[in-house]
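Overview (structure and organization)
For reference, the chains in residue letters:
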Amino acid sequence: MDNLSNIGVIKDLLTRYGFTFSKSLGQNFLVNPSVCPRMAELGGAAPGVGVIEIGAGIGVLTAELSKRAEKVVCIEIDRRLLPILDETLAGCSNVKIVNADVLQVDLQALIREEFPGMPVVVCANLPYYITSPILMALLEQRLPIDAITVMVQREAAQRLCAEPGTREVGAISIAIRYYSLPKVLFQVSRGSFMPAPDVDSSVIRLDIPRQPLVDASAPAFFKVVRAAFSMRRKTLSNCLASGLGISKTDAVQLLGQAGIPASARAEQLTLKQFTDIANLV
Ligand code: SAM
C-alpha cells in the first residue's frame, strides 16, 4: 500500500482495525514521508542484501526496505499489528514478519535460515524504551551483520556516538566502540511521528568491521569500562579501586603502568587507554 506516511491513510487504517497506540511498546509511527526512503538508502538496503527490521508498526519503513533489498525479515512484538501489516504489505512478497520480542529471538539462527550467503544489515526505528539493550544484544552476539542503522532519541544518539575524550562520553559510548564505528546520519524532529514524542530523534549508523576494533578481551574491557564510569564525579583511580575491588594504591599503580595520571577521569580516556588498562588488569 502506498501513502503509508499519510496521516489520513494511517488514521483510516487504525480506525478500521480499532488500533490504539501502546506507549509502553514505544509506538510512535513515522508520518514524515522523506524519512523512511532516506533511512533505507543510507542503511544499505540494496539488491542482494538481507535486512532485519525491528518493530514494523504499520510497515512504513518495511515497505521502503522491501523496495530496495533482496529480503526483509521484520520482528514485531505486537500481534495487533499483524492483520494491519497483512493489508499494508500485501504487495511486498520479499517481506516476512516474525511476531516476537526481538530480545528473545535467536538472531544467529534467523540469519542462517533466512539470509544464507547474503550480506545482512539491520535497519529500524527502535522502540526507545529498549534502545541500549537492543543495540548491545545485536553487537554482543557478534552477528554476521555489516551495519546497524537506527532511529533513536537525539540525546541517546549523542551518547551512543560520543567520541572518547569528550564530555558526552559514557560507558555505553565506549561499549559501542568496542564493536563498531558509530556516526550520526541525520536529525528527525518530533513532529515526524504519530503520536509526537516529547523529544527529537536522530538516525545513527554503526558500521561493524569483520576484524576486532579493540585488542582486549570483552570481559576484561567491559569490567574496566563499567568500573571507570561507575562514579561520575570521582577520579579514575577511585572508580577503578571500588569497581575492580582493589586498593587505591594498586589502582594508582595500574594507571601509572598504562601511562595515565591518577587524577584522570574516565571521560578523558582514549579507546587505546581503556584497552591498555584492560590488558593490565
Ligand atoms: N517502524 C515503524 C515506524 O517507523 O513507524 C514503527 C516504529 S515504533 C517506534 C517501534 C515498534 O517496535 C512498534 O511497532 C512496537 O510495537 C515495536 N516493538 C516494541 N518493543 C518491541 C520488541 N521488544 N520486539 C519487537 N518489536 C518491538
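Residues numbered from 1 in each chain as written. Predicted model: local features only at pLDDT ≥ 70, side-chain atom pairs only at ≥ 80, totals over all residues. Heavy atoms only, no water.

**Some points on the side chain of T149**
We apply this condition: Comment: elements are numbered from the N terminus, with helices defined as DSSP H or I runs of at least four residues and strands as E runs of at least two. Contacts are residue-level and defined by heavy atoms, with any inter-residue pair within 4.5 Å sufficient.
Here T149 lies in strand β6 (residues 147-153). If sequence neighbours within four positions are ignored, T149 has contacts with M39, L42, G43, V122, C123, A124, L185, V203, I204 and R205.

**Some remarks on the environment of V98**
Within the fold, V98 resides in strand β4 (residues 95-99). A sequence separation of 63 residues divides V98 from C161, and the C-alpha atoms of the two residues are 30 Å apart.

**A short note on the pairing of strand β5 (residues 120-125)**
Put simply, the rule is: The buried label goes to any residue with under 20% of its type's maximum accessible area, the exposed label to any with over 50%, and the partly exposed label to all in between, with areas taken from a 1.4 Å probe on protein chains only. A pair of strands is labelled paired if DSSP reports no fewer than 2 bridges between them.
Counting buried residues along β5, six of its six residues qualify, which places the element largely inside the surrounding structure. Going residue by residue along β5, you find V120, V122 and A124 tucked away on one face and V121, C123 and N125 tucked away on the opposite face as well. Here three bridges tie strand β2 (residues 50-54) to β5, and the two strands are oriented parallel to one another. Bridge pairing links I52 to V122 in β5. Examined bridge by bridge, β5 and β6 share five bridges and lie parallel to one another.

**Focus: the packing of helix α2 (residues 35-42) against helix α3 (residues 60-68)**
What counts here: To get an axis, a line is fitted to the C-alpha atoms, and for a helix only the part in contact is used. The angle between two axes follows their N-to-C directions and goes from 0 to 180 degrees. With respect to orientation, any angle under 35 degrees is reported as roughly parallel, any angle over 145 as roughly antiparallel, any angle of 65 to 115 as roughly perpendicular, and every other angle as oblique. By convention, the crossing between two helices is left-handed when the near helix turns anticlockwise from the far helix through less than a right angle, and right-handed when the turn is clockwise. All amino acids are sorted into three groups, where Ala, Val, Leu, Ile, Met, Phe, Trp, Tyr, Cys and Pro are nonpolar, Asp, Glu, Lys and Arg are charged, and the leftover types, Gly among them, are polar.
In the contact formed by α2 and α3, the axes pass within 9 Å of each other and the chain directions differ by 45 degrees. Taken as axis vectors, α2 and α3 run oblique relative to one another. By crossing handedness, the relation of α2 to α3 is classed as right-handed. For the pair α2 and α3, contact is made by C36, P37, M39, A40 and E41 and by V60, L61, E64, L65 and R68, respectively. Of the residues belonging to the contact of α2 with α3, the class tally is seven nonpolar, no polar and three charged.

**Observations concerning the site of the ligand**
Note the cut-off: A cutoff of 4 Å decides nearness: a residue is near a molecule or strand if any of its heavy atoms lies inside that distance of it. The definition of a polar contact used here is a pair of N or O atoms within 3.5 Å, where within protein one atom must be able to donate a hydrogen and the other to accept one, and adjacent residues in sequence count solely through side-chain atom pairs. For the area figures, the Shrake-Rupley method with a 1.4 Å probe applies, and any residue is considered shielded solely by the protein chains shown.
Not every one of the 24 residues close to the ligand is listed here, only the nearest: L30, G55, E76, N125 and Y129. N125 is positioned with one of its side-chain polar atoms (N or O) 2.8 Å from an oxygen atom of the ligand. Here Y129 contributes a side-chain N or O atom positioned 2.8 Å from a nitrogen atom of the ligand. Look at the ligand: alone it shows 600 Å² of surface, and the protein chains cover 99% of it. At the level of elements, β1 (29-30) and β3 (71-76) are the ones that each hand at least two residues to the shell around the ligand. Of the residues that constitute the shell around the ligand, the class distribution is 14 nonpolar, six polar and four charged.

**Digging into the packing of aromatic side chains**
The condition that has to hold: Side-chain rings of Phe, Tyr and Trp (the six-membered ring for Trp) are treated as a pair once their centres are within 6.5 Å; stacked means planes under 30 degrees apart, edge-to-face means over 60, and tilted covers the remaining angles. Charge-over-ring placement is defined geometrically: NZ (Lys) or CZ (Arg) within 6 Å of the ring centre, and within 35 degrees of the ring normal.
Across all of its chains, the model carries nine aromatic pairs by this definition. A ring pair is formed by F19 and F21, whose centres lie 5.9 Å apart and whose planes are at 85 degrees; its orientation type is edge-to-face. For F21, a relative accessible area of 30% translates into the label partly exposed. Ring pairing ties together the aromatic residues Y178, Y179, F221 and F222, which thus form one cluster. One Lys or Arg, R38, reaches over the ring of F186 and ends 4.0 Å from the middle of that ring.

**Concerning the pairing of β4**
Cut-off, in case you're wondering: Orient the strands so they point away from the viewer; a crossover is then right-handed if the path from the first strand over the helix to the second runs clockwise.
Taken together, the five bridges between β3 and β4 define a ladder with parallel strand orientation. Paired with I75 across the strands is V98, a residue of β4. In this view, the connection linking β3 to its parallel neighbour β4 by way of helix α4 (residues 82-88) has right-handed handedness.

**Comments concerning the pattern of salt bridges**
Heads up, the condition is: Salt bridge, as used here: a side-chain nitrogen of Lys or Arg that lies within 4 Å of a carboxyl oxygen of Asp or Glu.
Counted by the stated rule, this structure contains 13 salt bridges. The shortest N-O distance in the salt bridge between E114 and K96 comes to 2.5 Å. In this pair, E114 sits in helix α5 (residues 107-114) while K96 sits in strand β4, placing the two residues 18 residues apart along the sequence. The closest approach of N and O atoms between R154 and D200, which form a salt bridge, is 3.9 Å. Here the residue R154 occupies a position in helix α7 (residues 154-160), and D200 occupies one in the loop between β8 (193-194) and β9 (201-207), the gap between them amounting to 46 residues. On the accessibility criterion, D200 (21% relative accessible area) is partly exposed. Salt bridges sharing common partners tie together E41, E64, K67 and R68.

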